[in-house]
Amino acid sequence: MTPFILALDQGTTSSRAILFDRAGQIHGMAQKELRQIFPQPGWVEHDAEEIWTDQLAVARDVMRSHGVTATDIAAIGITNQRETTVIWDRKTGVPIANAIVWQDRRTAGLCEALQTQGHAEMISEKTGLVLDAYFSASKIKWLLDHTPGARAKAERGELAFGTIDSWLAFKLCGAHVTDASNASRTMLFNITEMRWDQELLDLFELPRSILPDIIASSGMFGKTFAPLLGAAIPLAGIAGDQQAATFGQACHRPGMAKNTYGTGCFMLMNTGKTPVVSENRLLTTVGWTLEKSDYMLEGSVFTAGATIQWLRDGMGMINQASEVEALASGVTDTGGVMFVPAFAGLGAPYWDPYARGTIIGLSRGTTKAHIARAALEAIAYQSADILDAMQKDAGIPLLELRVDGGSSRNDFLMQFQADILGVAVVRPVVTETTALGAAYLAGLALRFWQSTEEIASQWRADTTFLPRMDLDERLQRQHQWCRAVERSRQWVEP
């Protein structure tokens, strides 16, 4: 039998390709960092053509370096940064502009206007989302309104919109497709009726023809053009990165939760086959669709690993991201410093697009080690805000939090996360669970794996971090964090 599944993991800061074997173990990996484009404060863009060429390059690289040919690959799964918006010409396949990244805040004013007009409740009821510039709908409208000739071409059916999964599927197979996990992040998808919603399309002034077809997360999306990888390979799995990570963490039952520490931080809890409406400003989203759909509660931290990237690239405090743990561990505390990394506003549960990054509590004794420690602690504080809201919504006390993503390998951060949450934090043997989830979805479609039970049996814990902080200290620290957050909010005037 064909021995491997190839997962294409296209993230905000890098494009990766990972080969998984039948035991769910990594056979090989290739990665390339993705260039970030910041045209104005609060704007974030990617070159979609660069995403494609990088993703194809790393796929070829991992195959070549590990002696794998297309005939050794049973299927391809895609997982992707969500909400990031690409529009391209159907005939030429050329994007009409740079992709607008999920972090981009340029449409905050449009979303605020729609909120003032009273549309927020309707949008939330249909989509499970908070009316915010984070999601794709306002980005699509902006591109059509600000790219010369784009709206007329869209009305004639000449343009295609997609999140990054759709863009890669189009380049790989020529298909204009997505899955429900990605569709549910556009603010155009009705999550109870499981279809594109005409009322939402009308509200954002978007033609239906621009949208992709929706296929089950584990299903046949098409076959790759043979010249790309040496032979045609089935594209059989697609899921947005956070849903894919939840699937890869085997959180297949209600009440199970994971947190991914990537560019942002994303905590998802499986709530089963029925969507749970949040009373605490979390998102209700589709996790994945097999025979039926699983729903999730989600809280999003916009800036997590990107904070460490800023320490490296913006401030020159470290030369490599991996150095931050040693630097932060060089001091016993933050020296009173609190860091709120609201570079692109605050996500759940605040949803404040006008918040900005704040470092408070500086003194003459403050060193870069104190700031590095405060940066790591800030990632954990933001996740604690989300877990508190999530437990209130779900009514389920969390017994453990499964973690993954690049920063989950930082032992200092994971221990502090356990301390500030007051629950066990469990890191699995395979931390590349985003790519693993996409591989599992693709493999299920072709019976490479037989069931979710078989997949769950492959999950193995590597390290468990137990909370060591007493309750009084935890509450005092959380109080200080809340004070710092309040000072960061509404900094930019609308």
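Can you help me understand the overall build of the protein chain in this one?
When you go through the protein chain residue by residue, the secondary structure sums to 17 helices and 23 strands. Taking 494 residues into account, the globule formula puts the C-alpha radius of gyration at 23 Å, and the protein chain, at 21 Å, falls close to it. Over its C-alpha atoms, taken along the principal directions, the protein chain stretches across nearly 60 × 55 × 45 Å. When the 494 residues of the protein chain are sorted by exposure, 63% land in the buried category. Carbon and sulfur atoms make up 51% of the accessible area of the protein chain, which totals about 18200 Å². Taking the 44 positively charged and 55 negatively charged side chains of the protein chain as two groups, their mean positions are separated by 2 Å.

Explain the sheet that holds strand β23 (residues 461-465) to me, please; I cannot follow it from the model alone.
Strands pair in a sheet through their backbones, by hydrogen bonds, and they do so in one of two ways: parallel or antiparallel. Read across the open sheet, the seven strands follow the order β17-β18-β16-β15-β21-β22-β23; overall the sheet is mixed. Of all strands in the sheet, those with a lone pairing partner are β17 (283-289) and β23, marking the two edges. Looking at each pair of strands side by side, their axes are set apart by 30° on average, direction ignored.

Teacher, can you tell me more about unusual backbone geometry here?
Glycine aside, the phi torsion of most residues is negative, and most peptide linkages are trans. Residue Ala348 is joined to Pro349 through a cis peptide bond whose omega torsion reads -5°. Position of Pro349 relative to the elements: it lies in the loop between β19 (338-340) and β20 (358-360). Even without glycine at this site, Glu83 takes up a positive phi of about 70°. Among the secondary structure elements, Glu83 is positioned in the loop between β5 (73-80) and β6 (86-89). With phi around 55°, Met194 is a residue other than glycine that occupies positive phi space. For Met194, a relative accessible area of 29% translates into the label partly exposed.

Hey, could you run me through the layout of surface pockets in this one?
The probe, sized like a water molecule, is rolled over the atoms to show the empty space still left. Empty space within the largest pocket amounts to approximately 1100 Å³. Around the largest pocket, the lining comprises 41 residues; the ones closest to its centre are Thr13, Tyr261, Gly262, Gly406 and Ser407. Counting residues per element, the ones that place at least two in the lining of the largest pocket are β2 (14-20), β3 (26-33), α10 (241-248), β15 (257-261), α11 (305-313), α12 (324-328) and α15 (433-445). Sorting elements by how many residues they give to the lining of the largest pocket places α11 first, with five residues. Partitioning the lining of the largest pocket into residue classes produces nine nonpolar, 21 polar and eleven charged. Roughly 580 Å³ of volume is contained in the second largest pocket. Forming the boundary of the second largest pocket are 29 residues, of which Ala120, Leu129, Val130, Leu131 and Arg281 lie nearest the centre. Per element, the largest residue contribution to the lining of the second largest pocket is four residues, and it comes from helix α2 (residues 108-116).

Even after reading the chapter, I still don't get the pairing of strand β18 (residues 293-301), so can you show me in this structure?
Residues in a regular strand point their side chains to alternate faces of the sheet. Burial analysis of β18 places nine of its nine residues in the buried class, the great majority of the element. Neither face of β18 is exposed, since Ser293, Tyr295, Leu297, Gly299 and Val301 on one face and Asp294, Met296, Glu298 and Ser300 on the opposite face are all buried. Two successive antiparallel strands, β17 and β18, enclose a turn made up of three residues.

What's the story with α15 in this structure? I'm lost.
Because each turn of an α-helix spans 3.6 residues, side chains separated by three or four positions end up pointing in the same direction. Here α15 is 13 residues long and its end C-alpha atoms lie 18 Å apart, about the 18 Å a rise of 1.5 Å per residue gives. Judged by how many residues are buried, α15 sits mostly within the fold: twelve of 13 residues are covered. Among the residues of α15, those classed as buried are Thr433, Thr434, Ala435, Leu436, Gly437, Ala438, Ala439, Tyr440, Leu441, Ala442, Gly443 and Leu444. Of the residues trailing α15, Arg447 is marked for its positive phi of about 65°.

Got a minute to help me understand empty space enclosed by the protein in this structure?
Across all of its chains, the model carries two cavities of 30 Å³ or more by this definition. Together, Ser300, Val301, Phe302, Thr303, Gly345, Leu346, Gly347, Ala348, Tyr350, Gln382, Asp385 and Trp481 line the largest cavity. At the level of secondary structure, the elements contributing two or more residues to the lining of the largest cavity comprise β18 and α13 (368-394). Partitioned by chemical class, the residues of the lining of the largest cavity number six nonpolar, five polar and one charged.

Looking at this model, I keep getting lost on the packing of aromatic side chains. Mind explaining?
Overall, the coordinates contain 21 aromatic pairs when judged by the stated rule. Where Phe302 meets Trp351, the ring centres are 5.9 Å apart and the plane angle is 70°; that geometry is what we call edge-to-face. Taken together, the positions of Phe302 in the loop between β18 and α11 and Trp351 in the loop between β19 and β20 put the pair 49 residues apart, joining distant regions of the chain. Using a relative accessible area of 3% as the deciding quantity, one classes Phe302 as buried. For the ring pair Tyr381 and Trp481, a centre distance of 5.2 Å and an interplane angle of 10° mean the geometry is stacked. Of this pair, Tyr381 sits in helix α13 while Trp481 is found in helix α17 (residues 471-488), placing the two residues 100 residues apart along the sequence. According to the relative accessible area criterion, Trp481 is buried, its value standing at 2%. Lying over the aromatic face of Phe266, Arg82 brings its terminal NZ or CZ to 5.4 Å of the ring centre.

What is the right way to look at the nonpolar core in this model?
Nonpolar side chains tend toward joint burial in soluble globular proteins. Counting 127 residues, the largest nonpolar core has Leu144, Leu188, Phe204, Ile210 and Leu311 as its most contacted members. With 15 residues, α13 is the single largest residue contributor to this core. Of all hydrophobic cores here, the second largest spans 39 residues; its members include Phe4, Val62, Met63 and Trp167.

Rules behind the numbers
- Residues numbered from 1 in each chain as written.
- Predicted model: local features only at pLDDT ≥ 70, side-chain atom pairs only at ≥ 80, totals over all residues.
- Heavy atoms only, no water.
- Helix = DSSP H or I, 4+ residues; strand = E, 2+ residues; numbered from the N terminus.
- Rg over C-alpha atoms; globule rule 2.2 N^0.38 Å.
- Buried < 20%, exposed > 50% of the residue type's maximum accessible area, 1.4 Å probe, protein only.
- Areas by Shrake-Rupley, 256 points an atom, 1.4 Å probe, with all protein chains shown as cover.
- Lys, Arg positive; Asp, Glu negative; His and termini not counted.
- Charge placed at Lys NZ, Arg CZ, Asp CG, Glu CD.
- Pairing = 2+ DSSP bridges.
- Axes fitted to C-alpha atoms, helices over the stretch in contact; angles between N-to-C directions.
- 1 Å grid on protein atoms, 1.4 Å probe; cavity = no way out; pocket = protein on both sides within 12 Å on 5 of 7 lines; lining within 4 Å.
- Points joined across faces, edges and corners; volume = space filled by probe spheres on them.
- Nonpolar A, V, L, I, M, F, W, Y, C, P; charged D, E, K, R; others polar.
- Expected span 1.5 Å × (residues − 1).
- Phe/Tyr/Trp six-rings, centres within 6.5 Å; stacked < 30°, edge-to-face > 60°.
- Lys NZ or Arg CZ within 6 Å of the ring centre and 35° of its normal.
- Core = buried A, V, L, I, M, F, W, Y, C linked by side-chain atoms within 4.5 Å.

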